[in-house]
Amino acid sequence: MQGRLVLQRPGGTSLSFPLVQFPVTLGREASNDITLSDHSVSRRHARIVSDDQGVVVEDLGSSNGTFLNGNKVASSVVADGDLLRLGNCTFNVELVQPEVKRDEIPRMDSSTWDLSTHSLSPEELEVEATGISAAGLTGASTGAVLGFFQQAGRILERAFDLDELLSGILDLTFQMIPADRGCILLADATTGEMEIQASRTREEEANDSLEGMQISRTILDYATREGRAVLTSDATTDDRFGAAHSVIIQEIRGAMCVPLRGREEIIGAIYVDSKILSHKFSIDDLKLLFAVGAQIGIAVENTRLYDANLRAERLAAVGQAVAGLGHCIKNILNGMEGGSFILQKGIDKQEEPSIRKGWDILSRNSSRLKDLVLDMLAYSKPREPIYEMVEANSVVEDVVELLQERANGEGKILQFLPDEALGEVEIDGKSIYRCVLNLLTNAIDACPDQGGTVRVRTVRPDEEDRFQIIVADNGCGIAEEDLEKLGRAFFSTKGSKGTGLGLSVSYKIVSEHKGEVLVHSKQGQGTTFTVALPLQRPSE
Amino acid sequence: MQEGVRKRILVTDDEEDAREFVRAVLEDDFDIITASNGEECLDMARREDPDLIILDVQMPVMGGIDVFVALKKDDQLHHIPVIMLTGVREKTGVGLSKEEMGDCFGEEPNDYLEKPLEPSLLYDVVCQCLGDRE
C-alpha cells in the first residue's frame, strides 16, 4: 500500500509527504520521518504503520493527542480521504497511488487518449457503502448508494436460486453504474473456465442470452488471475490491454471488472463496460462494484451449496420413487407371469377352467398396470382441473357401479347414498372420478372379506358453498402413526397390493380443486374419508 | 414325486393372484393350502402341520418377516421349513437377505425367492427343501 499525507498550510498551499516505507514517524524532533516544527506537536508524536488491517496511525503518548476526522485516537486504521490532525497540523490522507486521485481521473478526451487504468487490490479497496463518496459516482446520489445496499441485502437474503440472485444484482448494479453491458461470470466447477451466468445490456432491458455477450477476456483474466479490481477508462489504449484482440474488436471505451471472492478462492467476476465515450467510470464506481462483488461472492457460494443439496435431495427422492415403482411393477409382473403360466398349463392340458383363470389373472394385472401408469401420470405433473358442469352424484355412481361386482365377489357390501339435492357442480369430472375410485378401492381393500361394508355418501350442507363425498368403511382402520404418512407417495399399508400412489393422487386432485380431505380413523373399527369440494370453480 | 407321499404346502400371500400362481406351479405334485395373511398362516400351520410354508414378505398388518419370527419361536412350528418370496430386491426396504435374516433372528429361511417367480426355480427349491428334510 502506498499513499501520501498532504499537509494543509495557511494560505491554501500544501506540502506532500509520500508514504512509501512503513513505519513513518511524525514529531517535532528531526529524527522523525516527517518533522513538524510546531510547538503543539510532541517530540515523538505519532507513527503510521502498515499491518494486515491496513494503514494504522498510532499515537505515541503525545501531549495534545492525535485526531482522526476530529476524534482523538490512540490507534486507528486510516482510510483514503481521512483527516489526520496532530496539534495544529492537519493532513489529508491519500492512500491510493497519487495518480488515482479522483479529480485526476483523466477525461475521456479524444485529443489526449489519456491512459487511465487502475487496478486495485482488495486491501486498497476496503470500502463500505459509506466509504463511497456519492459525488464520485457517475450515476448516483448518496441516498441511492444506501438504497442500493439495502436492496442488495434483500436480494441476498431471499435468493435461493442462483439465476435470480445474479440477475437481481446485475439489474441493481445497472441502476447505479452507467454501464452499457454487464455480466456476472462464475468459474466452472470442473474446468475452472469463467462462464457467463447472467448478463444484460442497457439497450435491451433484460438480455437473458448468455451467448449474446462477448466480453473482454483480457481484462477479465487480469482481474481474476491477480484478484484485483480493474478500471480502465479507455481499454483500446491501455498498455496491458491495448493490443489484446477482444478489446480492439469491441472498441471498449471503459470497462471495470471485479473478482468475486468465495471463502477460499476467486469464484467469478463482475464485468461491466461501456462503448460510449461519454460514459466513463470513476474510482467510486469501481469501489461500488467491488463492494457488490465482496457481498455476493459468499452469497453465490452459499447458493451453489444449497443447489447442490437440493439436487442431492431430489435424486434421493427420485431413487425412492423408482424403488417404489419397481416394487409395484414386480408384483404386477408376478401376477402376469402367474396368469400366463396358468393359461399355458390350461392350454397344455386342455382344461378350460385353468385357461379361464389364467386369462382372468392376466387381464386383472394388465388393468392394474394401466391404473398404476395413470396414477403415475396424474401424480407426476401439476395440472389445472378441466372444469365442467356435471352431476356429482353420477360421477360417484359410475365408480360405485364399476366396483360393485368386485365388492360383492369378496363378500363385501358397497352402498351409495346420494344427496338428491346436490345437482350439478363445477368440477373436473374425470379427475374426481379417479379420486373417488382410489378412495373406494382403498375402502374395499380395508374391509374384512365377509361382513365388510363400504358406504359412500354425497352431502350438500346448507349455507355452504362446498359439497362433500364421504367414503366410510368398517375395515381395519389406520394406525395412528400411519395417519400422518397418508398421501405420501409410495407409502402403502396394503402389502404387495398397494402402489402407494392412489391416495397421493386423490389428495393431489382435491388440492387442485382447492378442496380438502379429512380423515377419521379408528384402528379395528374403520375409516372415514371426507372430501370437501367447492360447488363452483374457485375464483383465482 | 412318488405317489402316496404327497406333501402339504401352506402358501401365504395377501394377493390371490400370487397364491394361484404358486398353486399352479406346485399343485400337480403337492397338496396346496393357502392363507391370505400372517395370522391365518400361523393358525393354519398349527392346525394343518404342513411340510413346508411359502411366505410372502410384503403383507399388510403382519408382514412375512414377523410371521417367520413367530414360526421360529414356536416350539410346535419351529421345524417347518420356510421359503420366503419378495417383490423387493434383497437388501432394500423390507428385504433382508437370507443371511441377514439369519444374523437378525438366529434362523435363516430355507430359501428366499424374488418375484416375479420363475416357476421351475420355485419347483426345484421346493423339492430341495422337502428333500433336505427327509
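The rules behind these values
Residues numbered from 1 in each chain as written. Chains lettered and ligands numbered in written order. Predicted model: local features only at pLDDT ≥ 70, side-chain atom pairs only at ≥ 80, totals over all residues. Helix = DSSP H or I, 4+ residues; strand = E, 2+ residues; numbered from the N terminus. Contact = placed C-beta atoms within 7 Å. Expected span 1.5 Å × (residues − 1). Buried ≥ 20, exposed ≤ 12 C-beta atoms within 10 Å, placed from the backbone. Pairing = 2+ DSSP bridges. Axes fitted to C-alpha atoms, helices over the stretch in contact; angles between N-to-C directions. Core = buried A, V, L, I, M, F, W, Y, C linked by C-beta atoms within 7 Å. Nonpolar A, V, L, I, M, F, W, Y, C, P; charged D, E, K, R; others polar. pLDDT = per-residue confidence, 0-100. Bend = angle between axes of the 7 residues up to and from the residue. Parallel < 35°, antiparallel > 145°, perpendicular 65-115°, else oblique. Left-handed = near helix turned anticlockwise from the far one by under 90°.

Engineer: Mind showing me how you'd approach the overall build of chain B here?
Structural biologist: Scanning chain B from terminus to terminus reveals five helices and five strands. Helices (α) and strands (β) of chain B occur, in sequence order from the N terminus, as β-α-β-α-β-α-β-α-β-α. Sequence-distant contacts in chain B: of pairs separated by 6 or more residues, those separated by 24 or more amount to 62%.

Engineer: Is there a simple way to explain helix 2 (residues 162–176) of chain A in this structure?
Structural biologist: In an α-helix, one turn spans 3.6 residues; hence positions three or four apart end up facing the same way. Its 15 residues place the ends of helix 2 of chain A 22 Å apart at the C-alpha level, agreeing with the 21 Å of an ideal helix rising 1.5 Å per residue. Among all positions in helix 2 of chain A, only Leu165(A), Leu166(A), Ser167(A), Gly168(A), Ile169(A), Leu170(A), Thr173(A), Phe174(A) and Met176(A) are buried.

Engineer: Where do I start with the sheet that holds strand 23 (residues 516–522) of chain A in this structure?
Structural biologist: Residue and element names in this part refer to chain A. In spatial order, the strands read 19-21-22-24-23; together these five strands make up an open sheet with mixed pairing. The open sheet is flanked by strand 19 (413–417) and strand 23, the only strands paired with a single partner. In this sheet, neighbouring strand axes are inclined to one another by 10° on average, regardless of whether the strands run parallel or antiparallel. Pairing of strand 23 with strand 24 (residues 526–534) involves seven bridges; the strand directions are antiparallel. If you follow lysine 522 over to strand 24, its bridge partner there is glycine 526. Of the strands in this sheet, strand 19, strand 21 (453–459), strand 22 (466–473) and strand 24 are in contact with helix 8 (residues 429–446), which crosses strand 22 at around 25°.

Engineer: Help me understand the nonpolar core in this model?
Structural biologist: Note that soluble globular proteins tend to have their nonpolar side chains buried in a common cluster. Counting 45 residues, the largest nonpolar core has Ile184(A), Met256(A), Cys257(A), Val258(A), Ala269(A), Ile270(A) and Leu289(A) as the members making the most contacts within it. Ranked by residues supplied to this core, first place goes to helix 5 (residues 283–349) of chain A with ten residues. Apart from the residues within four sequence positions on either side, Leu289(A) is in contact with Thr173(A), Ile177(A), Met256(A), Val258(A), Ile270(A) and Val272(A). Within the second largest apolar cluster, 39 residues are counted, among which are Ile361(A), Ile9(B), Val22(B) and Leu55(B).

Engineer: What should I look at first to understand the sheet that holds strand 4 (residues 34–35) of chain A in this one?
Structural biologist: Whenever strands of a sheet pair, they do so through backbone hydrogen bonds, lying parallel or antiparallel. All names here are of chain A. With mixed pairing, five strands are arranged side by side in an open sheet as 4-3-5-6-9. Strands with a single pairing partner mark the edges of an open sheet, and in this sheet they are strand 4 and strand 9 (75–77). Two strands pair when backbone bridges link them, and strand 3 (residues 24–27) and strand 4 are joined in this way by two bridges, in the parallel orientation. From the neighbouring strand, leucine 26 faces strand 4, where its bridge partner is isoleucine 34.

Engineer: Sorry if this is basic, but what is going on with the interface of chain B and chain A here?
Structural biologist: Counting residues at the interface gives 21 residues for chain B, matched by 22 residues for chain A. It is helix 1 (residues 16–26) of chain B that provides the largest number of residues to the side of chain B that touches chain A, a total of six residues. Residue composition of the side of chain B that touches chain A, by class: eleven nonpolar, four polar and six charged.

Engineer: Help me out: how do you make sense of the environment of Arg455(A) in this one?
Structural biologist: Residue and element names in this part refer to chain A. In this structure, arginine 455 sits in strand 21. On the basis of neighbour count, arginine 455 is assigned to the partly exposed category, with 17 C-beta atoms found within 10 Å. Along the chain, arginine 455 and isoleucine 413 lie 42 residues apart, while their C-alpha atoms are 8.2 Å from each other. The residues contacting arginine 455, other than those within four sequence positions of it, are Gln415, Leu417 and Ala472.

Engineer: Would you explain the confidence of the model for chain A in this entry?
Structural biologist: Fine structural detail should not be taken from predicted coordinates in areas where pLDDT scores are low. Residues and elements named next belong to chain A. Averaged over every residue, the pLDDT of chain A is 78; residues scoring 70 or more account for 80%. Of the regions scoring below 50 in pLDDT, residues 97–117 engages in 33 contacts with residues more than four places distant in sequence or in other chains. Counting contacts from residues 205–212, a segment whose pLDDT is below 50, to residues more than four positions away or on other chains yields eight contacts.

Engineer: So what exactly am I meant to see when it comes to the pairing of strand 21 of chain A here?
Structural biologist: Two faces belong to every sheet, and in a regular strand the side chains alternate between them. All names here are of chain A. Across the two faces of strand 21 the burial differs, with Val454, Val456 and Thr458 buried and Thr453, Arg455, Arg457 and Val459 not buried at all. Here strand 19 runs beside strand 21; their pairing, made up of five bridges, is parallel. Looking at strand 21, one finds that phenylalanine 416 is bridged to valine 456. Direction of pairing for strand 21 relative to strand 22: antiparallel, over a ladder of six bridges. By the bridge assignment for strand 22, arginine 457 is matched with isoleucine 470. Taken together, strand 21 and the strand that follows it, strand 22, pair antiparallel across an intervening segment of six residues, in which glutamate 463 is found at a positive phi of about 60°.

Engineer: I would appreciate a short explanation of unusual backbone geometry in the present structure.
Structural biologist: Glycine aside, negative phi is the norm for most residues, and most peptide bonds take the trans geometry. Look at the link from Lys115(B) to Pro116(B): it is a cis peptide, with omega at 0°. In this fold, Pro116(B) is placed in the loop between strand 5 (111–114) and helix 5 (119–133). Residues other than glycine seldom take positive phi values, yet Lys514(A) does so here, at roughly 60°. The topology assignment puts Lys514(A) in the loop between helix 10 (502–512) and strand 23. In this model, Asp49(B) sits at a positive phi of 40°, which is unusual for a non-glycine residue. Along the chain, the position of Asp49(B) falls in the loop between helix 2 (38–48) and strand 3 (52–56).

Engineer: Can you walk me through helix 5 of chain A in this structure?
Structural biologist: Residues and elements named next belong to chain A. Helix length check: helix 5 (67 residues) gives 95 Å between terminal C-alpha atoms against 99 Å at 1.5 Å per residue, within 8%. Its maximal kink placed at isoleucine 296, helix 5 deviates by approximately 30°. Positioned one or two residues after helix 5, glutamine 350 has a phi angle of 55°, which is positive.

Engineer: Whenever I open this one, the pairing of strand 5 (residues 46–51) of chain A confuses me. Can you help?
Structural biologist: Residues and elements named next belong to chain A. Across three bridges, the pairing between strand 3 and strand 5 is antiparallel. In the sheet register, threonine 25 faces strand 5, and the bridge partner there is arginine 47. Looking at chain direction, strand 5 and strand 6 (residues 54–59) are connected through six bridges and run antiparallel. Looking at the pairing, serine 50 lines up with valine 55 of strand 6. Between strand 5 and strand 6, which pair antiparallel and follow one another directly, the connecting turn spans two residues.

Engineer: Teacher, can you tell me more about the packing of helix 2 of chain B against helix 3 (residues 64–73) of chain B here?
Structural biologist: Each pair of packed helices can be described by the angle between their axes along with the distance between the axes. Residue and element names in this part refer to chain B. At a minimum axis separation of 9 Å, helix 2 and helix 3 run at an interaxial angle of 25°. When the interaxial angle is binned, helix 2 and helix 3 end up roughly parallel. With respect to the hand of their crossing, helix 2 and helix 3 are arranged in right-handed fashion. Within the contact between the two elements, helix 2 uses Gly38, Cys41, Leu42 and Ala45 and helix 3 uses Asp66, Val67, Ala70 and Leu71. Class assignment for the residues of the contact of helix 2 with helix 3 results in six nonpolar, one polar and one charged.

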